[in-house]
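The primary structure of each chain is shown beneath.
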Amino acid sequence: MSNNLLKGKKGIIFGALNEHSLAWKTAVKCHEQGASIVLTNAPIAMRFGEINQLGEQINAPIIPADVTNMEDIENLITKSMEHFGGKIDFILHSVGMSINVRKGNVYSNLNHEWMLKTLDISAVSLHRVCQVAYEKDAMNDWGSIVALSYIAAQRVFPDYNEMADAKALLESIARSFGYHFGVRNKVRVNTISQSPTMTTAGSGVKGFDGFLVYADKMSPLGNASADSCADYCVSMFSDLSRYVTMQNLFHDGGFSFTGVSHGVIDMMKEM
Ligand SMILES: NC(=O)c1ccc[n+]([C@@H]2O[C@H](COP(=O)([O-])OP(=O)(O)OC[C@H]3O[C@@H](n4cnc5c(N)ncnc54)[C@H](O)[C@@H]3O)[C@@H](O)[C@H]2O)c1
């Protein structure tokens, strides 16, 4: 159902890899709500080809960009403005990757070159995107930038590994850039801290299946789905959230503020 919440708005969406991706769902919903979209992902992700289907479905061009490469991001912002014929209203940063997690290195035994790569891809990239958009004066006033985070930025989830540090940095960058972008352009910058969700990135975390069930039982509303995450992103890109900035917004069915739940106690009794 469309309320045309994003009618006439133009946005760049990073990170749609396949139909499970949070970015994919968000792109579809933004399109339904009347937005024009540019899709982007790492050149290597293009090889899988699925993003082309999404591009056709929502009539969006795809401009490859590795988020660790400043030239790629500059090209992306410039080409997007050319495509839109003007400035940008919203950006979704939905990017995360850890080689240490992929290789099964535990937190107490990390490869630090890879750790720096994780921080670069998953967190510093938000700064790059914001900085390029800021320098090129690419955002319309009252625009909105959202990055996706996870509660491991605040609390320990041992197998989330170094991604926890990346998310803490990501949330800090959103706060800090939110200040500068807010003062100059009334642009808001926030992170949405999403429930665990079965996606390619999510399922790379050790023990993810069990954790998904635990989080669902712990959350009074249950885990927030990818579709509802997309809805929340739409609301953050709309004009209905214009004074929300520099926040980390939990979108987790109440998980973050629940100490223990009857669902978890019952689960323990059954074990
Ligand atoms: N799935 C979850 O449980 C969950 C929960 C909270 C937050 N998040 C966050 O949501 C975001 C999206 O993840 P997802 O779960 O949809 O998984 P996903 O695997 O579908 O998306 C991750 C994306 O990052 C892209 N990417 C990786 N390296 C890149 C690079 N160098 N340049 C450009 N793009 C690159 C990948 O191609 C992919 O499209 C991530 O930031 C993730 O940490 C996910």
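Look above for the structure.
Residues numbered from 1 in each chain as written. Predicted model: local features only at pLDDT ≥ 70, side-chain atom pairs only at ≥ 80, totals over all residues.

Right, let's get into the pairing of strand β2 (residues 36-40). The side chains of a regular strand alternate between both faces of the sheet. Along β2, 5 of the 5 residues are buried, which leaves the element largely enclosed by surrounding structure. The alternating pattern of β2 places S36, V38 and T40 and I37 and L39 on opposite faces, both of which are buried. In this sheet, β2 lies alongside strand β1 (residues 10-14) in parallel orientation, the contact comprising 5 bridges. The residue bridging K10 from the neighbouring strand is S36, located in β2. Handedness of the crossover joining β1 and β2 through helix α1 (residues 22-32) is recorded here as right-handed. (Buried ≥ 20, exposed ≤ 12 C-beta atoms within 10 Å, placed from the backbone. Helix = DSSP H or I, 4+ residues; strand = E, 2+ residues; numbered from the N terminus. Pairing = 2+ DSSP bridges. Right-handed = clockwise from strand over helix to strand, strands pointing away.)

The next subject is the nonpolar core. Core analysis: the biggest nonpolar cluster contains 69 residues, and I13, A16, A27, I37, L39 and C233 have the highest contact counts within it. The leading source of residues in this core is helix α7 (residues 163-185), at 8 residues. Other than its neighbours up to four places away in sequence, I37 contacts G11, I13, A27, C30, H31, I58 and A60. (Core = buried A, V, L, I, M, F, W, Y, C linked by C-beta atoms within 7 Å. Contact = placed C-beta atoms within 7 Å.)

With parallel pairing, 6 strands are arranged side by side in an open sheet as β2-β1-β3-β4-β5-β6. Each end of this open sheet is capped by a strand with a single partner; those strands are β2 and β6 (248-251). Averaged over all neighbouring strand pairs, the angle between strand axes comes to 20 degrees, with direction disregarded. With 5 bridges connecting them, strand β3 (residues 88-93) and strand β4 (residues 139-149) associate as parallel partners. Its bridge partner lying in β4, I88 is registered against M139. (Axes fitted to C-alpha atoms, helices over the stretch in contact; angles between N-to-C directions.)

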